[in-house]
Amino acid sequence: MSDKPFSGATALVTGGSRGIGRACCIRLARAGANVVINYRSRAEDAEQCAQLVKEAGGKPHLIAADVSDEQSVADMIAETEATFGPVELLVNNAGIFEYVTHAETTPDHWRRTLDVNLTGLYLVTWAVKESMIRRNYGRIVNIASIAGLRPRPHAIAYAVSKAGVISFTQSTGEALAKHNVRMNAVAPGLIETEILADVDPIRLDEIVAATPLPRMGTPAEIAEAVYYLLSDASSFMIGQTIVADGGRVMLP
Ligand code: NAP
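Treat the numbers as computed from the prediction; the structure is a model and nothing was measured. (Residues numbered from 1 in each chain as written. Predicted model: local features only at pLDDT ≥ 70, side-chain atom pairs only at ≥ 80, totals over all residues. Heavy atoms only, no water.)

**Notes on the site of the ligand**
Taken together, 31 residues surround the ligand, and among them Ser17, Arg18, Ser41, Tyr158 and Thr193 come closest. A distance of 2.7 Å separates an oxygen atom of the ligand from a polar atom in the side chain of Ser17. In this structure, an oxygen atom belonging to the ligand sits 2.5 Å away from a side-chain N or O atom of Thr193. Contact with the protein chains removes 97% of the 910 Å² of surface that the ligand exposes when unbound. Those elements that place two or more of their residues in the shell around the ligand are α1 (19–30), β2 (34–39) and α5 (156–177). Here the residues of the shell around the ligand are counted per class, giving 15 nonpolar, 10 polar and 6 charged. (Near = heavy atom within 4 Å. Polar contact = N/O pair within 3.5 Å; in protein donor to acceptor, adjacent residues only side chain to side chain. Areas by Shrake-Rupley, 256 points an atom, 1.4 Å probe, with all protein chains shown as cover. Helix = DSSP H or I, 4+ residues; strand = E, 2+ residues; numbered from the N terminus. Nonpolar A, V, L, I, M, F, W, Y, C, P; charged D, E, K, R; others polar.)

Structure below.
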């Protein structure tokens, strides 16, 4: 098999500038893809990612766009198509996490979390799906979380958004399968990125200690699971969520 199976393919990674998204961009670049690196506001991180994509053998293109805003998403897809052609590989990765108790869960926090983590994923998918259906080809991986599979009392809206991602993956996966558009998801456990900056370090240590592989995962480990689901190695998989969490979700 070629070591560049996605040579010349158009990939879009939302929230691709840092963390898990950045690792996905680099993995796709190693497979030969042209990679659109979406981000919201931190251009410097996106530029660093573009450099890493080049070094990995891919062509990068940066687009600042808020995935929760319909017009921003429409503009991003138009710019992607004008630059590299229609999106063939989509990683719905952009997400936010605010560590708040139930008492601190306000309507603003609730809406912001659901808007980015769930509605954003819907908006981006809907903006590319008709063109995938027309061409009878598409591969989509959504980034969920084990928070969608077990209680998260300090992030109720986040847990609900990620349970929504898992459900969205099943229903949309079924709807699109007959068009050779395969949608699946990855649910990471604790992964070492900036998204955890607000979490109490004592809580992080407790979670690590309660994990069969007692460490945090790396963004590159998640990117490998994402890559598997994008690749033909997972050709019979639809609507599935692969858990990559060091075994945490198995335990109470
Ligand atoms: P991260 O390091 O905080 O990176 C977040 C990325 O998303 C950045 O590129 C950010 O862009 C972008 N972003 C945020 N809001 C956006 C918006 N409205 N529109 C477009 N882009 C937006 O986070 P991460 O840890 O890599 O998380 C990536 C995904 O994995 C998220 O869906 C997260 O929920 C999920 N996840 C993470 C963990 C973990 O432990 N790290 C565990 C389970 C699931 P800017 O930098 O410009 O803001």
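**A short note on a negative patch on the surface**
Where like charges cluster on the molecular surface, the negative patch consists of Asp69, Glu70, Asp75 and Glu79. Within the secondary structure layout, Asp69 lies in the loop between β3 (59–64) and α3 (70–84). (Patch = residues over 30% accessible without salt bridge, like charges linked within 9 Å, V, L, I, M, F, W, Y side chains within 5 Å. Salt bridge = Lys/Arg side-chain N within 4 Å of Asp/Glu carboxyl O. Lys, Arg positive; Asp, Glu negative; His and termini not counted. Charge placed at Lys NZ, Arg CZ, Asp CG, Glu CD.)

**As for the pattern of salt bridges**
With the rule as written, the count across this model stands at 9 salt bridges. Residue Arg27 is joined to Glu224 by a salt bridge in which the shortest nitrogen-to-oxygen separation is 3.0 Å. Taken together, the residues span a long stretch of sequence, with Arg27 in helix α1 and Glu224 in helix α7 (residues 219–230) at a distance of 197 residues. Across the salt bridge formed by Glu98 and Arg112, the nearest N and O atoms sit 2.8 Å from each other. Here the residue Glu98 occupies a position in the loop between β4 (89–92) and α4 (107–135), and Arg112 occupies one in helix α4, the gap between them amounting to 14 residues. The class for Arg112 is partly exposed, based on a relative accessible area of 39%. Each of Arg18, Arg42, Asp45 and Glu194 takes part in one network of salt bridges that share partners. (Buried < 20%, exposed > 50% of the residue type's maximum accessible area, 1.4 Å probe, protein only.)

**Some remarks on the layout of surface pockets**
The gaps of empty space that remain are located by a probe, the size of a water molecule, rolled over the atoms. The calculated volume of the second largest pocket comes to roughly 190 Å³. Looking at the second largest pocket, it is lined by 16 residues, and the ones nearest its centre are Gly217, Glu221, Ala244, Asp245 and Gly246. When contributions to the lining of the second largest pocket are tallied by element, the ones reaching two or more residues are α6 (201–209) and α7. Looking at the lining of the second largest pocket residue by residue, the classes come out as 8 nonpolar, 4 polar and 4 charged. (1 Å grid on protein atoms, 1.4 Å probe; cavity = no way out; pocket = protein on both sides within 12 Å on 5 of 7 lines; lining within 4 Å. Points joined across faces, edges and corners; volume = space filled by probe spheres on them.)

**Considering the packing of α1 against helix α2 (residues 43–55)**
Viewed as axis vectors pointing N to C, α1 and α2 meet at an angle of 25 degrees, and their least axial separation amounts to 9 Å. Considering the angle they form, α1 stands roughly parallel to α2. Here α1 runs over α2; the crossing is right-handed. Together, Arg22, Cys25, Ile26 and Ala29 of α1 and Asp45, Gln48, Cys49, Leu52 and Val53 of α2 make up the contact between the two elements. Looking at the contact of α1 with α2 residue by residue, the classes come out as 6 nonpolar, 1 polar and 2 charged. (Axes fitted to C-alpha atoms, helices over the stretch in contact; angles between N-to-C directions. Parallel < 35°, antiparallel > 145°, perpendicular 65-115°, else oblique. Left-handed = near helix turned anticlockwise from the far one by under 90°. Contact = heavy atoms within 4.5 Å.)

**Focus: the packing of α4 against α5**
Viewed as axis vectors pointing N to C, α4 and α5 meet at an angle of 15 degrees, and their least axial separation amounts to 8 Å. Considering the angle they form, α4 stands roughly parallel to α5. Two packed elements cross with a definite hand, and for α4 against α5 that hand is right-handed. From α4, His109, Trp110, Thr113, Leu114, Asn117, Leu118, Leu121, Tyr122, Thr125, Trp126, Lys129 and Ile133 reach across to α5, where they touch Ile156, Ala157, Tyr158, Val160, Ser161, Lys162, Gly164, Val165, Phe168, Thr172 and Leu176. The residue inventory of the contact of α4 with α5, partitioned by class, reads 14 nonpolar, 7 polar and 2 charged.

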